[in-house]
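Fold and contact review
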Amino acid sequence: IEYPVLSKSALTLNEFVPNGWEMLASDMGDLNKDGYPDVAFIIQSLSTYPCDPESDSDATFSPRILGIALWDNAAKRFKLNIQSNEFVITNEGNPTMMDPFVSMEIKKGTLHFSFSYWYSMGSWYTSNQSFIFRFQNKRFELIGYEMSSLHRATHESTVLSVNYSTRKASSTHAEDVESEAVAKWGTFSLQQLPT
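Every value quoted in this text rests on a predicted model; they were computed, and no experiment measured them.

**As for the pattern of salt bridges**
Tallied over the full model, the rule gives 5 salt bridges. Note that glutamate 15 is salt-bridged to arginine 77, the shortest N-O span being 3.8 Å. Of this pair, glutamate 15 sits in the loop between β1 (9-10) and β2 (21-29) while arginine 77 sits in strand β7 (residues 77-84), and the two are 62 residues apart along the sequence. Of the charged contacts, one joins arginine 139 and glutamate 141 as a salt bridge, the two residues approaching to 2.9 Å between their closest N and O atoms. Given the relative accessible area of 23%, arginine 139 is considered partly exposed. Note on glutamate 141: relative accessible area 5%, which makes it buried.

**What about the packing of aromatic side chains?**
Per the counting criterion, the structure on display carries 14 aromatic pairs. Ring geometry for tryptophan 71 against phenylalanine 78: centres 4.8 Å apart, planes inclined by 75°, an arrangement best described as edge-to-face. Just as tryptophan 71 is buried, phenylalanine 78 falls in that class too. One aromatic cluster is present, built from ring pairs that chain together Phe87, Phe101, Phe113, Phe115, Phe131, Phe133 and Tyr145.

**Side note on the side chain of arginine 64**
Here arginine 64 lies in strand β6 (residues 64-72). One polar contact links arginine 64 to glutamine 44, side chain to side chain, over a distance of 2.8 Å.

About the cut-offs
- Residues numbered from 1 in each chain as written.
- Predicted model: local features only at pLDDT ≥ 70, side-chain atom pairs only at ≥ 80, totals over all residues.
- Heavy atoms only, no water.
- Salt bridge = Lys/Arg side-chain N within 4 Å of Asp/Glu carboxyl O.
- Helix = DSSP H or I, 4+ residues; strand = E, 2+ residues; numbered from the N terminus.
- Buried < 20%, exposed > 50% of the residue type's maximum accessible area, 1.4 Å probe, protein only.
- Phe/Tyr/Trp six-rings, centres within 6.5 Å; stacked < 30°, edge-to-face > 60°.
- Polar contact = N/O pair within 3.5 Å; in protein donor to acceptor, adjacent residues only side chain to side chain.

Shown next as structure tokens:
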């Protein structure tokens with residue numbers, strides 16, 4: 001799969017969308033705290049590819065690109081800050097997996113992503129994940145992560161919450177719906193936040 005190189009700057013959001021691609025999701029908000037709205041967007045290829053070329057499944061996926069552009073008020077244009085061809089998860093390689101992308105939004109100056117994992121076969125587990133990034137130290141750093149999982153047969157459940165800014169995490173686990181959930185808290189050391 002060949003990914004296009006997005007424009008380094010654009011006057012409008014649509015100018016970042018190359019031929020053969022379409023907008024999947026977008027949101028505006030002030031990400032770098034300069035008082036001007038910035039944009040985050042996900043584009044998707046109009047071309048589809050088999051999830052597993054070696055199987056008989058008809059399941060396909062479309063490659064995706066995450067773009068984040070900050071408004072440059074002096075130039076009166078959006079300047080592309082990030083292009084990621086890997087971050088937005090697809091069901092590539094797994095034809096029994098539903099499309100995992102749920103949402104992307106900017107809230108209070110932070111960038112939020114949500115994904116959901118559900119399989120029609122091959123796994124009893126279903127899970128949800130969310131990521132929160134904040135623009136600091138001239139980059140988008142991961143400040144929050146949450147994951148919840150459920151075994152559809154036994155109803156065993158786990159909820160994990162990580163605050164990367166405070167280096168604290170909590171985990172709650174229950175063996176089934178009748179069991180009392182057990183919560184654990186902990187701290188961790190991390191020299192540099194993931195981006």
